[in-house]
Amino acid sequence: MKVQKIVTEQYGTNSYIIDNKYVVDPGIGIGKHIKNKVDVILTHAHFDHLLGLNELNYDKIYLHPGDFEMIKNAEINLSKIIGAPIEIRENLYDIQDAFETIHTPGHTEGSVLIFMNNHIFSGDTVFYNSVGRTDLPSGDQYKLENSIEKIKKIFKTKDKNIIIHPGHMEETNIERILEENPYLF
Ligand SMILES: [Zn+2]
């Protein structure tokens, strides 16, 4: 499995192209990097992870149903407030039916970690040394804390070399995140 990371424009969102077939979290400018038809995978439905959608030739969008309302509403996904409203109502599919995920509400209600072979896409739930904020729509500190506990338990059972690709900032792996992320000690 080939994972290509692109730090997209303006908001520094990490977008990932997988095997020229899937795009995870398309940020602004992603269309310059891939022209063929893809399916889109979303870790959650915040604007900075969606704004590249209309640059792509895509078929399906996979995300957790907990964020369906968010992707359909430019006020909730915060794209309206930055003056680039985006609302998607079609081609939405439950990511849980197609990919191995764990549901990790807290940053948003529908945030997930996505497992693909030796890779995890963690969105804005966990970063290499921190966790996601909970002060945006559908954010919930209590739920995030529960999700972090769940993640910690699961990571301890997994291969320590699995690479973690977050929604912002640098990659890490399970071994390092358990040692370096103060929220996962
Ligand atoms: Zn976010």
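Just so we're clear, the structure is a prediction, and the values are computed from it rather than from any experiment. (Residues numbered from 1 in each chain as written. Predicted model: local features only at pLDDT ≥ 70, side-chain atom pairs only at ≥ 80, totals over all residues. Heavy atoms only, no water.)

**Section: the coordination of the zinc ion**
Line of reasoning, step 1. For the zinc ion, the full set of protein donor atoms is His44 (NE2), His46 (ND1), His107 (NE2) and Asp124 (OD), at a range of 2.2 to 2.3 Å.
Line of reasoning, step 2. Geometry at the zinc ion is irregular, judged from the four donor atoms that bind it and their angles of 88 to 169° at the metal.
Line of reasoning, step 3. By relative accessible area, which is 6% here, aspartate 124 ends up buried. (Donors = N, O, S within 2.8 Å, 3.2 Å for Na, K, Ca; no water. Tetrahedral: all angles 85-135°; square planar, octahedral: opposite > 155°, others 65-115°. Buried < 20%, exposed > 50% of the residue type's maximum accessible area, 1.4 Å probe, protein only.)

**Here we look at the side chain of threonine 13**
Line of reasoning, step 1. Position of threonine 13 relative to the elements: it lies in the loop between β1 (3-7) and β2 (14-18).
Line of reasoning, step 2. When residues no more than four places from it in sequence are discounted, the contact partners of threonine 13 are Ile6, Val7, Thr8, Asp25, Asp48, His49, Gly167 and His168. (Helix = DSSP H or I, 4+ residues; strand = E, 2+ residues; numbered from the N terminus. Contact = heavy atoms within 4.5 Å.)

**Examining the UniProt feature "domain: Metallo-beta-lactamase" (unreviewed entry) in the chain**
Line of reasoning, step 1. Under the UniProt annotation, the feature "domain: Metallo-beta-lactamase" (unreviewed entry) is placed at residues 12-168.
Line of reasoning, step 2. Along residues 12-168 the backbone is 13% helical and 25% strand, and the end-to-end C-alpha distance reaches 6 Å. (UniProt positions renumbered as here; feature names shortened; annotations may be inferred.)

**Describing the nonpolar core**
Line of reasoning, step 1. With 23 residues, the main nonpolar core has Ile61 and Ile71 as its most contacted residues.
Line of reasoning, step 2. Residue assignment for this core shows that the elements contributing at least two residues are β4 (38-41), β5 (58-63) and α1 (68-71).
Line of reasoning, step 3. Excluding residues within four positions of it along the chain, isoleucine 61 makes contact with Val40, Leu42, Leu53, Ile71, Ile88, Glu90, Asn91, Leu92 and Tyr93.
Line of reasoning, step 4. Core analysis: the second largest hydrophobic core is formed by 16 residues, Phe115, Ile151, Phe155 and Ile174 among them. (Core = buried A, V, L, I, M, F, W, Y, C linked by side-chain atoms within 4.5 Å.)

**Some thoughts on the environment of glutamate 109**
Line of reasoning, step 1. Secondary-structure assignment places glutamate 109 in the loop between β7 (100-103) and β8 (112-116).
Line of reasoning, step 2. On the basis of relative accessibility, which here comes to 26%, the residue glutamate 109 falls in the partly exposed class.
Line of reasoning, step 3. Spatially, the C-alpha atoms of glutamate 109 and valine 3 are 26 Å apart, while their sequence positions differ by 106 residues.
Line of reasoning, step 4. Every residue in contact with glutamate 109, bar those within four places of it in the chain, is listed here: Gly66, Asp67, His103, Ser138 and Lys143.

**Considerations on the environment of isoleucine 120**
Line of reasoning, step 1. One can find isoleucine 120 in strand β9 (residues 119-123).
Line of reasoning, step 2. Residue isoleucine 120 is classed as buried on the basis of its relative accessible area, which comes to 0%.
Line of reasoning, step 3. Expressed as a C-alpha distance, the spacing of isoleucine 120 and proline 166, which sit 46 residues apart in the sequence, is 8.2 Å.
Line of reasoning, step 4. Dropping the residues within four chain positions of it, isoleucine 120 is found in contact with Leu113, Ile114, Phe115, Phe155, Ile162, Ile163, Ile164, His165 and Ile174.

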